[in-house]
Each structure stands twice: as C-alpha cells, then as structure tokens.
Amino acid sequence: MTLERLNGSYDESYRLVPAFCDMVEATNLGYVTNYTFGSFSEDKCFESTMIAFAAPIQGWKDAGRPIIDFDAFHLTGKHGGCLMAANGLDGQNGIVTLAIKVVRNERGENWHLFMKELKPLIEDHPVGKLTFISDRQKGLQEALDEVFPEHFKRYCLRHMFKNLKTHFKGSKLHYLVYNAAKCYKERHWKANMDDLIKFFSAVAAYMMKKKPEQWSRAFFDPSACCEHLNNNFSESFNNMIRHMRDKPICALEMMVNGAIIDKLYEETSKTNVVFQVDSVEKTCSCAQWGGRGSRGGRGSRGGRPAGRSVQHTLSHTISGAVGLSQTLSKTFIVPKPKTKKMFMVLV
C-alpha cells in the first residue's frame with residue numbers, strides 16, 4: 001500500500017496507458033507512441049505500449065554511429081512483464097536510448113512489432129545501412145532478419161562465448177577465440193583461426209557456422225564506425241533502469257524518460273561554456289565537432305560520426321538549444337533542473 005501511494009496503483013496505471021500516450025504525443029513534438037490491448041471481448045487486458053523519443057533519434061541521426069542494440073529486461077512489479085529497448089551510440093560512444101516498448105512477455109512477435117514500429121523512424125540514417133548487435137534472445141534474431149534483411153548484424157561475443165563454453169572446455173579457449181574476434185585484418189584472422197583449428201577444431205567449426213562478419217572485427221562493415229564486439233551499452237541501460245523495474249507502467253516510462261533527459265543535461269553542463277554553432281556548415285567553436293569528423297560539414301572525415309556527443313548535437317540541431325530546453329522541460333511533466341544549462345545557438 002505504501003508503494004502504491006508513492007508510485008500509483010499498478011492496475012490503474014494500465015488503464016491510464018491510452019490517455020498517457022495521448023498526453024506524451026500532445027506535449028512532445030515528434031514523439032511516437034503506440035499501445036495494444038486484447039482484441040477479444042473476454043480478454044481486453046494490456047498487451048504492449050511503445051514510446052520512441054524524437055529528440056534522441058534526431059540527434060543520433062545527425063551525430064551518432066549507425067549501430068543499434070536491441071535488448072530486453074524483465075520487470076519485477078506486481079504483474080511482471082518485459083521492457084524492450086533500442087539503444088544507439090553517439091560519437092563519443094555514449095548511450096542514446098531511441099525507443100522502449102513494454103510487453104507482457106518476450107516473444108518473437110513482440111520483437112517483430114517493436115522493430116516494425118521503429119523502422120520508419122531510423123531507416124533514413126545518412127549512412128544508409130545500419131548495424132544491429134544483439135545477444136539473440138527469444139525470437140530476436142528472426143525478427144531482425146525479417147524486418148531489417150538488408151542491414152548488417154552482429155552477435156554479442158560475450159554471449160556467444162558463454163554458449164560455446166557449455167559445449168567445449170579448455171584453458172586456451174578464451175584466449176584463442178578472442179584473438180580471432182579482436183583482430184582487424186583478415187590475414188591476422190586467418191592466422192588466429194589456424195591456431196584455433198590446431199587446438200580446438202570443433203570450436204573453429206562451431207564459430208564458422210555463426211558467420212565471421214557477425215563476430216570478428218576483420219569483417220565488420222567500416223560504415224558502422226564501431227568496433228564493439230559486445231553489447232555493453234545495453235548493460236549500461238540496464239544499470240540506468242535497475243531501480244525502476246518494479247514501478248507501475250506509467251511511472252516506469254516517466255522515469256525512463258527522465259533518466260534520458262538527465263543524461264542530456266549532464267552532458268551539456270560539464271564545462272558551463274557557451275559555444276558558437278553554425279548549424280548550416282555544421283561547425284562549432286568548441287573545435288572538437290568538426291575536427292573529429294562531422295558528417296556533411298567542413299572537416300568531414302569519410303563520413304565518420306561527429307566527435308561530440310549526440311547531446312552536444314541536439315543543442316543545435318533540433319529547434320535550437322532554447323527550444324529543446326523548453327521541450328525537455330515539458331516532457332512527461334518532468335521539471336527542468338534549475339542548476340544545469342544548455343548550450344546557446346548562434347547561427
């Protein structure tokens with residue numbers, strides 16, 4: 001009873017989902033929401049709800065790396081459930097949460113629905129083909145192949161090795177497998193695979209079934225500008241929401257959104273300096289944005305993502321810092337921190 005007084009009723013929160021989604025779209029320009037309930041007269045229980053965050057998505061398109069991780073986390077509230085999340089990376093490898101979806105359970109059809117809802121919002125990334133990394137949870141890989149057949153896929157090496165150890169043992173196993181995965185050149189990969197075949201031929205055959213382009217840097221597509229072998233940024237998201245997973249659904253989504261906003265303010269309040277930004281030429285007086293490679297602007301380096309984070313880019317790509325600040329302050333009625341500042345925009 002005490003927790004319900006603090007966070008709201010679990011049952012009532014599910015009934016408020018439609019009104020909650022309407023409120024989100026009405027007060028947050030560009031946000032996309034969706035929800036489903038049982039279609040049969042005897043079963044009109046909650047099925048799912050999705051929120052796609054417009055500002056992080058736009059910032060990720062402008063300055064983020066074209067890589068996305070899909071992962072799911074079990075909820076521990078009264079009715080359980082599962083929170084699915086799509087997370088990207090900015091130019092400094094900071095996590096950017098693009099969308100979340102709360103479902104009753106983790107099934108292939110829920111992954112498929114989540115990806116179909118998200119696809120039109122992310123497929124126009126300037127790089128073109130995206131790279132997806134996952135640990136192949138229930139139905140996840142099948143959904144990726146159906147919804148994003150033309151894009152690149154990676155398999156989290158940590159999870160791959162965990163599954164591998166259930167079938168094979170050996171003191172050198174970890175060393176040899178990771179050597180083959182971490183090398184950047186194909187000839188080094190071949191040499192490491194020869195060593196693996198010498199000591200563990202069955203392991204080498206097992207790994208080759210997984211396609212080297214999904215787990216070895218030597219075969220990663222360079223357009224991703226990301227060498228990640230593991231979906232560690234998914235674990236970062238898990239740490240961010242660990243104290244929220246027992247909350248009623250509306251409170252949960254408000255808190256996740258609030259955590260995303262806090263990341264924006266935290267990133268932009270470290271220096272307390274006002275930068276001059278030219279959003280047409282995509283240059284900034286901080287000198288880091290163009291110097292490290294900003295797509296489409298001066299100082300571009302082969303289309304690599306901007307060196308500044310998505311949070312920096314958001315301050316001058318979405319209606320200006322003042323407009324974004326006002327939008328964020330209204331998002332889910334989460335108040336704007338008084339002691340933190342956004343960058344000013346001078347175009």
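Per chain, residue numbering runs from 1 following the sequence as it is written. Local features in this predicted model are restricted to residues whose pLDDT is 70 or higher, and side-chain atom pairs enter the listing and the counts only when it is 80 or higher, whereas totals over whole chains, interfaces and linings include all residues. Hydrogens and waters are ignored; side-chain quantities use all the structure's heavy atoms.

*Asks:* Hey, could you go over the packing of aromatic side chains for me, with residue numbers and the actual values?
*Replies:* When two rings of Phe, Tyr or Trp (its six-membered ring) have centres within 6.5 Å they constitute a pair, described as stacked for plane angles under 30 degrees, edge-to-face for angles over 60, and tilted for the intermediate range. With the rule as written, the count across this model stands at 13 aromatic pairs. Between Phe70 and Trp111, the aromatic rings sit 6.1 Å apart at their centres with planes inclined by 80°, giving edge-to-face as the arrangement. One end of the pair, Phe70, is in strand β3 (residues 65-74); the other, Trp111, is in helix α5 (residues 108-122), with 41 residues separating them in the sequence. With a relative accessible area of 0%, Phe70 lands in the buried category. Working definition: with a 1.4 Å probe on protein chains only, accessible area under 20% of the residue-type maximum means buried, over 50% means exposed, and in between means partly exposed. The class of Trp111 is buried, set by a relative accessible area of 0%. Arranged with centres 6.5 Å apart and planes meeting at 35°, the rings of Trp111 and Phe114 form a pair that is tilted. Residue Trp111 and its partner Phe114 are both found in helix α5; the two are separated by 3 residues, about one turn of the helix. Aromatic rings pair up to connect Phe70, Trp111, Phe114, Phe132 and Phe148 into one cluster. A ring has a charge above it when a Lys NZ or an Arg CZ is no more than 6 Å from the ring centre and no more than 35 degrees off the ring normal. Here the basic side chain of Lys119 rests over the ring of Phe148, its NZ or CZ set 5.8 Å away from the ring centre. Over the aromatic face of Phe220 sits the side chain of Arg154, whose NZ or CZ is 3.7 Å from the ring centroid. Helix numbering and strand numbering both begin at the N terminus, where a helix is a DSSP run of H or I of at least 4 residues and a strand a DSSP run of E of at least 2.

*Asks:* Account for helix α9 (residues 186-199), naming residues and giving values.
*Replies:* Expected helix span is taken as 1.5 Å per residue step, with the number of steps being one fewer than the number of residues. In this model α9 runs 20 Å from its N-terminal to its C-terminal C-alpha over 14 residues, within 8% of the 20 Å that 1.5 Å per residue would give. On the buried face of α9, the contacting elements are α8 (173-182) and α10 (201-208). By the convention used here, residues are in contact when the closest approach between their heavy atoms is within 4.5 Å.

*Asks:* Just give me the short version of the environment of Ile241, but keep the residues and values in it.
*Replies:* Along the polypeptide, Ile241 turns up in helix α11 (residues 232-241). For the pair Ile241 and Met255, spaced 14 residues apart in sequence, the C-alpha to C-alpha distance is 8.3 Å.

*Asks:* Go over the sheet that holds strand β6 (residues 131-134), please, and point to the residues and values.
*Replies:* When DSSP finds two or more bridges between two strands, those strands count as paired. A sheet is described by the order of its strands in space; here 7 strands give the open sequence β1-β2-β5-β4-β3-β6-β7, paired in mixed fashion. Edge strands, defined here as strands with exactly one partner in the open sheet, are β1 (32-37) and β7 (152-155). Pairs of neighbouring strands in the sheet enclose a mean axial angle of 20°, with direction left out of account. Both β3 and strand β4 (residues 82-89) contribute to a ladder of 8 bridges, which runs antiparallel. Considered in β4, the bridge of Phe73 is made with Leu83. Convention adopted: a line fitted to C-alpha atoms gives each axis, helices being fitted over their contacting stretch, and angles between N-to-C directions are expressed from 0 to 180 degrees. Relative to β1, helix α3 (residues 17-27) is tilted by about 170°, and along the sheet it contacts β1 and β2 (46-52).

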